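A look at the structure
One-letter residues, chain by chain:
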Amino acid sequence: MNKSYDIFLSYRRSDGKLMARLLKESLEKRGYKVFLDMDELLDSVFDEHIIQAIQSAPIFLLLMTKQCFSRCHNPNDWVRMEIECAVRDGKNIVPINPDNLFIGFPKSTPPHLCEVLAMHQYSAIDTGQLYQVSIDKLINDRLHDTIRRERRKQILNSIVYSIFGNKFGSS
C-alpha cells in the first residue's frame, strides 16, 4: 500500500463507526482523500497499512466518542497506537467532539495521551440540522490550509523530480 491521504480518521468502532462513515463521506464529497480502515484495509496485514496511512496524511482526525479512550490503558490498543504515531510524526491532530458528547477522559487513560490532546482545540460536529455547517467550519478553520500546503509541496516535489530526477533526493 503506497496510497497517500489528506486525512486519517481514527475512531473507536464500538460507538464511532457510524459517525466515522458519515464524516468520511462528507469530506470526500468536498474533494478530500480520507483513510477509513473499514474501507481501505482489505487484507490481514493491517498494522503496516495503518501506520503508512497515518504517515501519508497531514491531518489526523480523532473522533472522540464516549468509548474512544476506553481501552487506551492497553499499550497495544489501536486508538492509542494511532494517536502515538500521529504525535511522533508531527501530524496536525484535530480532535472531533460529535454533538459535544465527549465529556472527559476515563481515569485509566494514560496521562501522556490526555496531555497531548489537551493541547488541541476540539472541533464540535453537530449531527442534527447544523451538520453541513459544522463540516464546512471544520474544513475552513482546521483542515483547508494544512491540506493546501501539503498538496502544494507534493506538486513542487514532483516538478523538481521531473526536472532533476533523483539528483537532489526526495523529501
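Residues numbered from 1 in each chain as written. Predicted model: local features only at pLDDT ≥ 70, side-chain atom pairs only at ≥ 80, totals over all residues. Heavy atoms only, no water.

**Thoughts on unusual backbone geometry**
With a phi angle near 55°, Asp99 is a residue other than glycine that sits in the positive phi range. The topology assignment puts Asp99 in the loop between β4 (92–98) and α5 (111–118). A residue is classified by how much of its surface remains accessible, and Asp99, at 35% relative accessible area, is partly exposed. Positioned with a positive phi, Asn100 is a non-glycine residue whose angle comes to about 50°. Counting through the fold element by element, Asn100 comes out in the loop between β4 and α5. (Helix = DSSP H or I, 4+ residues; strand = E, 2+ residues; numbered from the N terminus. Buried < 20%, exposed > 50% of the residue type's maximum accessible area, 1.4 Å probe, protein only.)

**Side note on the environment of Leu143**
Within the element layout of this structure, Leu143 appears in helix α6 (residues 131–164). The buried category is assigned to Leu143, whose relative accessible area is 0%. For the pair Leu143 and Gly31, spaced 112 residues apart in sequence, the C-alpha separation works out to 12 Å. If sequence neighbours within four positions are ignored, Leu143 has contacts with Ile7, Leu27, Ile59, Leu61, Val94 and Leu138. (Contact = heavy atoms within 4.5 Å.)

**Structural notes on the packing of aromatic side chains**
On inspection of all chains with the given rule, the structure shows 7 aromatic pairs. On the basis of an interplanar angle of 75° and a centroid distance of 5.3 Å, the ring pair of Phe102 and Phe105 is categorised as edge-to-face. Judged by its relative accessible area of 8%, Phe102 falls in the buried class. Under the relative-accessibility criterion, Phe105 is labelled partly exposed at 25%. Put simply, the rings of Tyr5, Phe8, Phe35 and Phe60 touch in pairs and so form one group of aromatic residues. (Phe/Tyr/Trp six-rings, centres within 6.5 Å; stacked < 30°, edge-to-face > 60°.)

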